[in-house]
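Coordinate inspection notes
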Amino acid sequence: LFPPIMAKASIQPRKKAGGFMVASDKNTDIVAPIFRPDLDAEDRKIYDDVCKRLEINPTLEDHHSYMQLMNYNQFAYMDLRPLSPWLNAKYELKP
């Protein structure tokens with residue numbers, strides 16, 4: 001859900017650079033549905049809210065926070081939006 005760059009402050013031992021999706025990579029090729037809280041203010045709000053709800057440090061400095069966000073927790077994030085006017089008309093739905 002979130003790229004490893006969010007864990008750049010982690011003090012946990014790391015693999016040597018060059019691996020897949022390490023915090024030192026720029027990861028500019030990562031696109032939705034991965035959030036980019038390091039690049040997008042709206043994604044940052046969502047990231048901060050997830051960390052707050054999980055009661056973890058958003059810098060992921062400590063082992064517990066890092067493991068919860070990067071490894072163990074399984075997330076389902078859903079953004080509900082209204083149906084398009086075309087779908088409302090096609091299926092005769094009330095807006």
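Residues numbered from 1 in each chain as written. Predicted model: local features only at pLDDT ≥ 70, side-chain atom pairs only at ≥ 80, totals over all residues. Heavy atoms only, no water.

Bringing the side chain of S65 into the picture now. Checked against the element boundaries, S65 lands in helix 2 (residues 63-72). A relative accessible area of 2% means that S65 is categorised as buried. Excluding its chain neighbours within four sequence positions, the residues that come into contact with S65 are I56, N57 and L60. (Helix = DSSP H or I, 4+ residues; strand = E, 2+ residues; numbered from the N terminus. Buried < 20%, exposed > 50% of the residue type's maximum accessible area, 1.4 Å probe, protein only. Contact = heavy atoms within 4.5 Å.)

Pairing is possible between side chains that carry opposite charge, provided their charged atoms lie close to one another. The full count for this structure, using the stated rule, is four salt bridges. Put simply, D48 and R44 hold a salt bridge, and the shortest N to O gap is 3.2 Å. In this pair, D48 and R44 are both assigned in helix 1 (residues 41-54), four residues apart and thus about one turn of the helix distant. Take D48: its relative accessible area is 33%, and that puts it in the partly exposed class. Under the relative-accessibility criterion, R44 is labelled partly exposed at 32%. (Salt bridge = Lys/Arg side-chain N within 4 Å of Asp/Glu carboxyl O.)

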